[in-house]
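Here are the chains, one letter per residue:
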Amino acid sequence: MIALKIDNIKEFMHLLLLSETFDHFLLSEASITTFATMILDGHSYADFFSPEDEGYEMIAEESYAPFALLRPCCLDFIKGKRTPVSFKFVFLLSKVNQEKTLASLHSSFATEDISGMYLNLKYQAGEIICTTGISYRNFSMDKSLDQAWDDMVIRFFKNHKILFETLT
């Protein structure tokens, strides 16, 4: 697990809410506090959609909704002249991206071993802190996947020119 402090909040918020940068992640949960608190439970319900609807395949295959579907709602609640009091976004990799990640790392872990690979964003007291984490189905002393996931998040941030400093 690593903790990263985002250096340029305005640019980061643009990438988060006004671009597709985080759209391939699933949203487990979100909490946004402005004049009130909006809490989003990212659990998806495929029965709401018909097979012809955009995004149906992803919803039908996953337990959580892709951020792409929820981002407009989050933007509507946050946008305005005033800065939010706080927010928290809990993202995770889709099963497909989790499989690709494990394959690219030649990991000894299988997707069945992992409940989720998480990216958490928390804004509070004028700063955004990002933390990473993996939830395993069984205890393991092997932390190689944790390190690889941390490295992948750092590369993701660097590829998208997200400036950060590593916290200890």
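These numbers were taken from a predicted model, which means no experiment stands behind them. Think of each chain on its own: its residues are numbered from 1, step by step along the sequence as written. Local features in this predicted model are restricted to residues of pLDDT 70 or higher, and side-chain atom pairs are both shown and tallied only at a pLDDT of 80 or more, whereas totals for entire chains, interfaces and linings draw on every residue. Remark: hydrogens and water are excluded; side-chain values derive from all non-hydrogen atoms of the structure.

**Some remarks on the overall build of the protein chain**
Strands here are runs of E lasting at least two residues and helices are runs of H or I lasting at least four, both read from the DSSP assignment and numbered beginning at the N terminus. Scanning the protein chain for helices and strands turns up five helices and eight strands. Going from the N terminus to the C terminus, the protein chain shows its helices and strands as β-α-β-β-α-β-α-β-α-β-β-α-β. Only C-alpha atoms enter the radius of gyration; for comparison, a globular chain is expected to reach 2.2 Å times N to the power 0.38, where N is the number of residues. Its C-alpha atoms give the protein chain a radius of gyration of 16 Å, within 12% of the compact-globule value 15 Å for 168 residues. For the protein chain, the spread of C-alpha atoms along the principal axes amounts to about 50 × 45 × 25 Å. The proportion of buried residues among the 168 residues of the protein chain is 42%. Contacts in the protein chain between residues far apart in sequence, at least 24 positions, make up 66% of those at least 6 positions apart. About 9800 Å² of surface is accessible on the protein chain, with carbon and sulfur atoms providing 54% of the total. For the protein chain, the separation between the mean place of its 15 positive charges and that of its 23 negative charges on side chains is 10 Å. Think of it in three bands: residues with accessible area under 20% of the maximum for their type are buried, residues over 50% are exposed, and the middle band is partly exposed, with areas taken using a 1.4 Å probe on protein chains only. Whether two residues are in contact is decided by their heavy atoms, any of which lying within 4.5 Å being enough. Computed with the Shrake-Rupley method and a 1.4 Å probe, the accessible areas treat only the protein chains shown as cover for residues. We treat Lys and Arg as the positive residues and Asp and Glu as the negative residues; His and chain ends play no part in the count. Lys charges are placed at NZ, Arg charges at CZ, Asp charges at CG and Glu charges at CD.

**Digging into the pattern of salt bridges**
One side-chain nitrogen of Lys or Arg within 4 Å of one carboxyl oxygen of Asp or Glu is enough to make a salt bridge. Per the counting criterion, the structure on display carries four salt bridges. Taking the shortest distance from any N to any O, the salt bridge between Glu 127 and Lys 5 comes out at 3.5 Å. A residue pair is termed long-range when its members are at least 10 positions apart, and Glu 127 in strand E7 (residues 127-136) and Lys 5 in strand E1 (residues 3-6) qualify at 122 residues. Of the residues examined, Glu 127 reaches a relative accessible area of 29% and is grouped as partly exposed. By relative accessible area, Lys 5 is classed as partly exposed at 25%. One salt bridge in this structure joins Lys 79 and Asp 76, with 3.4 Å as the shortest N-O distance.

**Side note on the packing of helix H1 (residues 9-18) against helix H3 (residues 67-78)**
Two numbers describe a pair of packed helices, the interaxial angle and the distance between the axes. For helices, the fitted axis covers only the stretch in contact; all axes are lines through C-alpha atoms, and the angles between them, taken along N-to-C directions, range from 0 to 180 degrees. With their axes 8 Å apart at the nearest point, H1 and H3 run at an angle of 125° to one another. Taken together, the axes of H1 and H3 lie oblique to each other. Two secondary-structure elements touch here, H1 through Met 13, Leu 16, Leu 17 and Leu 18 and H3 through Phe 67, Arg 71, Cys 74, Leu 75 and Ile 78. All amino acids are sorted into three groups, where Ala, Val, Leu, Ile, Met, Phe, Trp, Tyr, Cys and Pro are nonpolar, Asp, Glu, Lys and Arg are charged, and the leftover types, Gly among them, are polar. A per-class count over the contact of H1 with H3 returns eight nonpolar, no polar and one charged. Working definition: roughly parallel below 35 degrees, roughly antiparallel above 145 degrees, roughly perpendicular at 65 to 115 degrees, and oblique for all remaining angles.

**Looking at the side chain of Ser 28**
Within the secondary structure layout, Ser 28 lies in strand E2 (residues 26-33). Owing to a relative accessible area of 11%, Ser 28 belongs among the buried residues under this scheme. Once residues within four sequence positions are removed from consideration, Ser 28 is found in contact with Leu 40, Asp 41, Gly 42, His 43, Tyr 64, Val 90 and Leu 92.

**Examining the environment of Gly 55**
Here Gly 55 shows up in the loop between strand E3 (37-41) and helix H2 (56-61). Taking C-alpha positions, Gly 55 is 7.9 Å from Leu 69, a pair spaced 14 residues apart along the chain.

**Points about the environment of Thr 33**
Tracing the backbone shows Thr 33 in strand E2. For Thr 33, a relative accessible area of 17% puts it in the buried group. For the pair Thr 33 and Pro 84, spaced 51 residues apart in sequence, the C-alpha separation works out to 5.9 Å. Other than its neighbours up to four places away in sequence, Thr 33 contacts Pro 84, Val 85 and Ser 86. Identification of polar contacts relies on pairs of N or O atoms within 3.5 Å, with a donor-acceptor requirement for protein atoms, meaning one able to donate a hydrogen and the other able to accept it, and with residues adjacent in sequence counted only if both atoms are side-chain atoms. Within the structure, the side chain of Thr 33 is placed 2.9 Å from the side chain of Thr 37, a separation counted as a polar contact.

**Topic: the pairing of E7**
By the bridge criterion, three bridges tie E1 to E7 in an arrangement that is antiparallel. By the bridge assignment for E7, Lys 5 is matched with Ile 129. One ladder, built from ten bridges, connects strand E6 (residues 114-124) with E7; its direction is antiparallel. Counterpart to Gly 116 in the pairing with E7 is Ser 135. Whether two strands pair comes down to DSSP finding at least two bridges between them.

Everything listed here is a matter of geometry and, on its own, says nothing about what the molecule does.
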